[in-house]
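What follows is the residue order along each chain.
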Amino acid sequence: MGIVELLLIAVGLSMDAFAVSICRGLGMRSLNLRTAAVLALFFGGFQALMPLLGWALGTQFMWLIAPIDHWVAFVLLAFIGGKMLWEAFHEDEEDCDCGDTSTIDLREFLVLAVATSIDALAAGISFAALNVDIVASVSLIGVITFALSFVGVAVGHFFGARYERPASVVGGVVLILIGLKVLLEHLGVLAL
């Protein structure tokens, strides 16, 4: 898997965190950069940790997964992308709690970080199946998620919820397309 695919996966996986960050920014009476940075650290850290855990689990069972690794990667990435698309089109417009969100609540940030990074655990399993350089992958995912989460708070504060749904749609489509590309390459349909 090349750098372009890893970058696209990192962006796709970070879209949930980006959407939640927009939501947090909506509730800020004034933009609080400290709160945005702490939230982004939680999101980036957990988005990097979860694929590492998934990769560790996947490598333990590689003997079982190896014959069908391309199918595993396709199903997991398509499932994550499909879930993101489903949520983008079926969640209520008013899902955000628009109280003042400028304070730092570490317990809430922890819950949000875990909730938005569960999908990355499955991606980590597919990384093990595809023999991806895990250090580069989790570093890229963590940095991209940190940056997009920080920007998401500002976007939410300045522009409102306008970009939350398109971010989830783009992330979902990207993950599905990457899963399809992996499958088609392993089946010999694509030669890239």
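Scroll up to find the structure.
The following refers to the structure shown. Every value quoted in this text rests on a predicted model; they were computed, and no experiment measured them.

Some points on the overall build of the protein chain
Now for step 1: If you tally the helices and strands in the protein chain, you get seven helices and zero strands.
Now for step 2: From first element to last, N terminus to C terminus, the protein chain shows the α and β order α-α-α-α-α-α-α.
Now for step 3: Buried residues in the protein chain amount to 46% of all 192 residues.
Now for step 4: Counted over contacts in the protein chain with a minimum sequence separation of 6, partners at least 24 positions apart contribute 93%.
Now for step 5: For the protein chain, the exposed area adds up to about 9500 Å²; of that, 70% sits on carbon and sulfur atoms.

A word on the environment of Val132
Now for step 1: Among the structural elements, Val132 can be located in the loop between α5 (106–130) and α6 (134–159).
Now for step 2: The contact partners of Val132, leaving out residues within four places of it in the chain, are Met1, Leu6, Trp55, Phe127 and Ser137.

Comments concerning the side chain of Ser21
Now for step 1: Within the fold, Ser21 resides in helix α1 (residues 3–26).
Now for step 2: Owing to a relative accessible area of 0%, Ser21 belongs among the buried residues under this scheme.
Now for step 3: Look past the residues within four positions of Ser21 in its chain and what remains in contact with it is Leu39, Phe43, Ser149, Gly152 and Val153.

Section: the nonpolar core
Now for step 1: Formed by 30 residues in total, the largest nonpolar core has its most connected members in Ile9, Leu13, Ile80, Phe127 and Leu175.
Now for step 2: At the level of elements, α1, α2 (33–60), α4 (69–90), α5, α6 and α7 (164–186) are the ones that each hand at least two residues to this core.
Now for step 3: For this core, the leading source of residues is α1, giving seven residues.
Now for step 4: Formed by 10 residues, the second largest nonpolar core is a distinct cluster that contains Phe43, Phe109, Ala113 and Val153.

Quick notes on α1
It helps to recall that an α-helix has 3.6 residues per turn; residues three or four apart then point in one direction.
Now for step 1: With 24 residues, α1 extends 33 Å between its outermost C-alpha atoms, agreeing within 8% with the 34 Å of an ideal straight helix rising 1.5 Å per residue.
Now for step 2: Considering bend angle alone, the principal kink of α1 is centred on Met15 and spans about 40 degrees.
Now for step 3: Counting buried positions along α1 yields 17 of 24 residues, so the element is predominantly enclosed.

Quick look at a nonpolar patch on the surface
Now for step 1: A cluster of nonpolar side chains, Ile68, Trp71, Leu187, Val189 and Leu190, forms an exposed patch at the surface whose accessible area comes to about 460 Å².
Now for step 2: Relative to the helices and strands, Leu190 resides in the segment after α7.

Observations regarding the pattern of salt bridges
Now for step 1: Summed over all chains, the structure comprises one salt bridge.
Now for step 2: One salt bridge in this structure joins Glu108 and Arg24, with 2.7 Å as the shortest N-O distance. Of this pair, Glu108 sits in helix α5 while Arg24 sits in helix α1, placing them 84 residues apart in sequence.
Now for step 3: On the accessibility criterion, Arg24 (6% relative accessible area) is buried.

Notes on the packing of α1 against α6
Now for step 1: The geometry of α1 relative to α6 is characterised by a closest axis approach of 7 Å and an angle of 30 degrees between their N-to-C directions. Put simply, α1 runs roughly parallel to α6. Viewed along their axes, α1 and α6 form a crossing whose handedness is right-handed.

Observations concerning the packing of α1 against α2
Now for step 1: The contact between α1 and α2 brings their axes to 11 Å, and the two run at 165 degrees. By the angle class used here, α1 and α2 are roughly antiparallel. In the packing of α1 onto α2, the handedness of the crossing is right-handed. On α2, the residues touching Leu13, Ser14, Ala17, Val20, Ser21 and Arg24 of α1 are Leu39, Phe43 and Gln47.
Now for step 2: Residues belonging to the contact of α1 with α2 are distributed by class as follows: five nonpolar, three polar and one charged.

Comments concerning the environment of Phe150
Now for step 1: With respect to the helices and strands, the residue Phe150 is situated in helix α6.
Now for step 2: When its relative accessible area of 28% is taken as the criterion, Phe150 is described as partly exposed.
Now for step 3: Residues Phe150 and Arg34 lie 116 residues apart in sequence; the distance between their C-alpha atoms is 9.9 Å.
Now for step 4: Dropping the residues within four chain positions of it, Phe150 is found in contact with Leu33, Ala36, Ala37 and Ala40.

Criteria and cut-off values
- Residues numbered from 1 in each chain as written.
- Predicted model: local features only at pLDDT ≥ 70, side-chain atom pairs only at ≥ 80, totals over all residues.
- Heavy atoms only, no water.
- Helix = DSSP H or I, 4+ residues; strand = E, 2+ residues; numbered from the N terminus.
- Buried < 20%, exposed > 50% of the residue type's maximum accessible area, 1.4 Å probe, protein only.
- Contact = heavy atoms within 4.5 Å.
- Areas by Shrake-Rupley, 256 points an atom, 1.4 Å probe, with all protein chains shown as cover.
- Core = buried A, V, L, I, M, F, W, Y, C linked by side-chain atoms within 4.5 Å.
- Expected span 1.5 Å × (residues − 1).
- Bend = angle between axes of the 7 residues up to and from the residue.
- Patch = residues over 30% accessible without salt bridge, like charges linked within 9 Å, V, L, I, M, F, W, Y side chains within 5 Å.
- Salt bridge = Lys/Arg side-chain N within 4 Å of Asp/Glu carboxyl O.
- Axes fitted to C-alpha atoms, helices over the stretch in contact; angles between N-to-C directions.
- Parallel < 35°, antiparallel > 145°, perpendicular 65-115°, else oblique.
- Left-handed = near helix turned anticlockwise from the far one by under 90°.
- Nonpolar A, V, L, I, M, F, W, Y, C, P; charged D, E, K, R; others polar.

Such coordinate-based values are descriptive only and should not be taken to indicate function.
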